[in-house]
Amino acid sequence: MTATKAIIGQGTKILVAPIGRDRIFPEATVFSVSADAAAAATSLSISFTPAITRTIFASTDKPLYLNFTQEDGVQHLVKVTANIEPASNSLTVGALKKAVKQNATAPFPVILSKRTSANLTDQDAEADVNVFENSGWKDSITTLLGNGLEMNGFYDALDAGWNICNWARYNFAEVYCELQLKPPSSDYTKGHIFKLFSGVKIPLEIPSDNIINANISLMSRGPVTIIDPA
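Here is what the cut-offs are and how they apply
Residues numbered from 1 in each chain as written. Predicted model: local features only at pLDDT ≥ 70, side-chain atom pairs only at ≥ 80, totals over all residues. Heavy atoms only, no water. Buried < 20%, exposed > 50% of the residue type's maximum accessible area, 1.4 Å probe, protein only. Helix = DSSP H or I, 4+ residues; strand = E, 2+ residues; numbered from the N terminus. Pairing = 2+ DSSP bridges. Core = buried A, V, L, I, M, F, W, Y, C linked by side-chain atoms within 4.5 Å. Contact = heavy atoms within 4.5 Å. Disulfide = S-S within 2.5 Å. Polar contact = N/O pair within 3.5 Å; in protein donor to acceptor, adjacent residues only side chain to side chain. Patch = residues over 30% accessible without salt bridge, like charges linked within 9 Å, V, L, I, M, F, W, Y side chains within 5 Å. Areas by Shrake-Rupley, 256 points an atom, 1.4 Å probe, with all protein chains shown as cover. Salt bridge = Lys/Arg side-chain N within 4 Å of Asp/Glu carboxyl O. Phe/Tyr/Trp six-rings, centres within 6.5 Å; stacked < 30°, edge-to-face > 60°. Lys NZ or Arg CZ within 6 Å of the ring centre and 35° of its normal.

Burial of the side chains of strand 5 (residues 75-80) is restricted to one face: H76, V78 and V80 are buried, whereas none of Q75, L77 and K79 on the reverse face is. As paired strands, strand 4 (residues 64-69) and strand 5 are joined by six bridges and run antiparallel to one another. Among the inter-strand pairings, Y65 is bridged to a residue of strand 5, identified as K79. Here strand 4 hands over to strand 5 after five residues, with G73 in that stretch at a positive phi of 95 degrees.

Below is the structure:
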């Protein structure tokens, strides 16, 4: 009997980021808090690795949400309200709800958590074509390509990824989204990666006797970039 080659979805990651002035894939980095910050502080001392070469745009009107996780596992939602430059050593943030400890870290792009599934759907359009050579058999040609990404899951008011998507939804903005599948075998460190820019839909289902659902829906605007397993 041969071993199955099927891959389960567990281990899939979804990353999101707001889009700056241009449609450019964001540079991945990890922010690290370099000094304790007290509750109500509006500045957070940080370093980041690897270094970035471009500005990460943020403002009071268009904030960037990050989740900082301390070494003890405590997590903080932080709202960045000013641009992050390659030489920055601090973040301008909305008043912190709680003290944040040194060495707390936050990845960027941001992990979109609480998703139970991620379905990459085809939205292609085709035109029927009848030609002499087909002996009467109908043929078709693709006239339009499109992909949707349905990400079912739960509402989490303190999740940075959900807040990025929610802000984009109600401010007519787009987001960057990256879908990372698990490696296909131990010979690989990465599985397929899908990158896209999209508008956002987030219908909320709010039952009185159950968990609130926030099923996030994206529709690619432009091509989907596919990176092979490596």
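A separate point is the nonpolar core. One finds F31, L44, L66, F68 and L91 to be the most contacted residues of the largest nonpolar core, which totals 50 residues. Among the elements that make up this core, the one with the highest residue count is helix 1 (residues 160-170) (five residues). Filtering out sequence-adjacent residues up to four positions away, L66 remains in contact with F31, H76, L77, V78, V80, L91, A106, P107, F108, V110 and A160.

The full count for this structure, using the stated rule, is zero disulfides. Note on C165: no disulfide assigned, nearest cysteine sulfur contributed by C177 at a separation of 7.0 Å. By relative accessible area, which is 0% here, C165 ends up buried.

The topology assignment puts N215 in the loop between strand 16 (213-214) and strand 17 (216-220). A polar atom in the side chain of N215 sits 3.1 Å from the backbone nitrogen of G153. Once residues within four sequence positions are removed from consideration, N215 is found in contact with R115, M151, N152, G153, K201, I202, P203 and E205.

Along the chain, the position of T92 falls in strand 6 (residues 90-92). Separated by 71 residues in the primary sequence, T92 and R21 place their C-alpha atoms 20 Å from one another. Leave out the neighbours within four places in its chain, and T92 touches T42, K79, V80, T81 and A82.

Here we take up a nonpolar patch on the surface. There is a patch of nonpolar side chains on the surface, built from Y155, L204 and I206 and spanning about 280 Å² of accessible area. By the secondary structure assignment, L204 is in strand 15 (residues 204-205).

Turning next to the packing of aromatic side chains. Considering all chains together, one arrives at five aromatic pairs under this definition. Here F25 and Y176 contribute two aromatic rings whose centre-to-centre distance is 5.5 Å and whose plane-to-plane angle is 55 degrees, an arrangement assigned as tilted. Highlighted residues: F25 in the loop between strand 1 (13-18) and strand 2 (29-33) and Y176 in strand 13 (residues 175-180), separated in sequence by 151 residues. The interplanar angle of 25 degrees and the centroid separation of 5.5 Å between the aromatic rings of F25 and F197 together place this pair among those described as stacked. On the criterion of sequence distance, the pair formed by F25 in the loop between strand 1 and strand 2 and F197 in strand 14 (residues 193-201) is long-range, its members being 172 residues apart. A connected cluster of aromatic rings, assembled from ring pairs, spans F25, Y176 and F197. When the ring centre of Y170 is taken as origin, the NZ or CZ atom of R169, which lies over that ring, is 5.0 Å away.

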